[in-house]
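Here are the chains, one letter per residue:
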Amino acid sequence: MDPLDFFSFSHQYANLGSESDPKRYHYVDQKPEGFDEQAAKDFPTLLLIHGFPDLWYGWRYQIGPWVRAGYRVIAPDCAGYGQTVKPTLIAAYTPKSISSDLAALLDHLGISKVVVIGHDWGAAIAWRFCAFKPDRVKALIVASVPFNPPAKEYLPPSEVSARAPLLGYMEYFANEESTKEIESRLFKFFNVVFQRPPATETTASGSTGTSASAPTSDNEATWPLRGQLRRLLLGPHSPRHSDLLDLVEAEVYLRSFSPTWEEKGSGMQGPLSYYRTGQLRVAEEKDLPSTLSESLPILFLHGQRDPTCLPSQVDRMKKKFIPHVSVKALDCGHWVMLEEPEVVARGVLDWLEDIRLAPEIGRHASKL
């Protein structure tokens, strides 16, 4: 498995629908050396759920270390992404619907329980997967998006961005016009979104930053603010090249999200549909609990310089909703798997060993 070689991973496909109504899912299925197919049901398995705008490929730097530690790793392209089905109905993109898809994928593979790992939208789905499918989860690892209890009422995106300016980009993504605007400027879009955050005064001097703060200068770092991403995309501004994607990696994303690439690219309609499910989510989640079982081990990873994941949100999660969560703060921004690939890989392995879920081959492993 070479993180820079898309085709060095084991690509698989499954029909999670029926012959008359197929639902094709693409996923990577990496098995450790000596894997026994007869033991698949209870074999230590990690289910990786990517976010936006991402793919299974977002986990490319962690899959190898985790497989070498003895885990089977399943990393799908979620609905609307990559080579997975692209439904036209918005209802197919709610956390409840995606949770059903992922449970069906586990059924297809004959796997009973997994350790669920999610980032960004994958984190939001992972939280809800544990509520909708609690019998399928051994442990939960979430990155960059803290737990939020089910909403009691629907807030339109404009109200969300008014209350939380750093989530202003959601208002743009919820607007149908954003689909074509982003699709026609994909290279610019990825260069803006896939960036490390500016160093704080403490990180620039070599110390560890302690918190994120709202970007204030009129530059690319302001893109999460209301209206700013659209201004950056449609304006004459030429962003610097992503410092998280090299040219090979950027090509993977451009091809995967282009609506015209060999008729296999996903386009942006499916990925952006997740942001358009607000009313449906409120209806589907109204009966879910406002916490998760204390018996479920949970690890939360977040970048201290992630402007969309503030320390106050993490504290609120721990104090009000998930008091038993273990929190690990990293000196980085939102893209923890790309900014701190080895720290994330090692941190997950160490935590799983601490809670006694490590496979025998991975216990006391010293090399990733």
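Each remark here, short or long, concerns the structure printed above.
A brief look at the structure comes next. (Residues numbered from 1 in each chain as written. Predicted model: local features only at pLDDT ≥ 70, side-chain atom pairs only at ≥ 80, totals over all residues. Heavy atoms only, no water.)

**Looking at the environment of Asp42**
Heads up, the rule is: For helices the rule is a DSSP run of H or I covering at least 4 residues; for strands it is a run of E covering at least 2, with both sets numbered from the N terminus onward. Think of it in three bands: with a 1.4 Å probe and only protein chains considered, a residue is buried below 20% of the maximum accessible area for its type, exposed above 50%, and partly exposed in between. Identification of polar contacts relies on pairs of N or O atoms within 3.5 Å, with a donor-acceptor requirement for protein atoms, meaning one able to donate a hydrogen and the other able to accept it, and with residues adjacent in sequence counted only if both atoms are side-chain atoms.
Within the fold, Asp42 resides in the loop between strand S2 (24–30) and strand S3 (45–49). When its relative accessible area of 54% is taken as the criterion, Asp42 is described as exposed. Placed 72 residues apart in sequence, Asp42 and Val114 show a C-alpha to C-alpha distance of 8.6 Å. Side-chain polar atoms of Asp42 contact the side chain of Ser112, separated by 3.2 Å.

**Here we look at the environment of Ser161**
Positionally, Ser161 belongs in helix H4 (residues 157–163). Taking the relative accessible area as the measure of exposure, Ser161 reaches 3% and is therefore buried. Remark: the alpha-carbon pair of Ser161 and Leu296, spanning 135 residues in sequence, is separated by 32 Å. From its side chain, Ser161 meets the backbone oxygen of Ser158 in a polar contact 3.1 Å long.

**Details of the nonpolar core**
Heads up, the condition is: The set of buried Ala, Val, Leu, Ile, Met, Phe, Trp, Tyr and Cys residues whose side-chain atoms join them within 4.5 Å is what this entry labels a nonpolar core. In what follows, a contact means two residues having at least one pair of non-hydrogen atoms within 4.5 Å.
With 104 residues, the main nonpolar core has Ile63, Trp66, Leu140, Phe173 and Phe189 as its most contacted residues. Contacts of Phe189, omitting those with residues within four sequence positions, involve Phe52, Pro53, Phe173, Ile182, Leu229, Leu233 and Met268.

**Some thoughts on the sheet that holds S2**
The pairing of strands in a sheet happens through backbone hydrogen bonds and is either parallel or antiparallel. Applicable threshold: When DSSP finds two or more bridges between a pair of strands, those strands are recorded as paired. A fitted line through C-alpha atoms represents every axis, and for helices the fit uses only the stretch in contact; the resulting angles, taken between N-to-C directions, go from 0 to 180 degrees.
Ordered in space as S1-S2-S4-S3-S5-S6-S7-S8, the eight strands form an open sheet in which the pairing is mixed. Edge strands, defined here as strands with exactly one partner in the open sheet, are strand S1 (11–15) and strand S8 (326–330). Pairwise comparison of adjacent strand axes, ignoring direction, gives a mean angle of 20° for this sheet. Bridge analysis of S3 against strand S5 (residues 114–119) gives four bridges, and the strand direction is parallel.

**As for unusual backbone geometry**
Between Phe52 and Pro53 the backbone carries a cis peptide bond, its omega angle lying at -15°. Checked against the element boundaries, Pro53 lands in the loop between S3 and helix H1 (60–68). Notably, Asp120 is not glycine yet its phi reads approximately 60°, a positive angle. Within the secondary structure layout, Asp120 lies in the loop between S5 and helix H3 (121–132). One non-glycine residue, Arg356, lies in the positive phi region at around 65°. A residue is classified by how much of its surface remains accessible, and Arg356, at 67% relative accessible area, is exposed.

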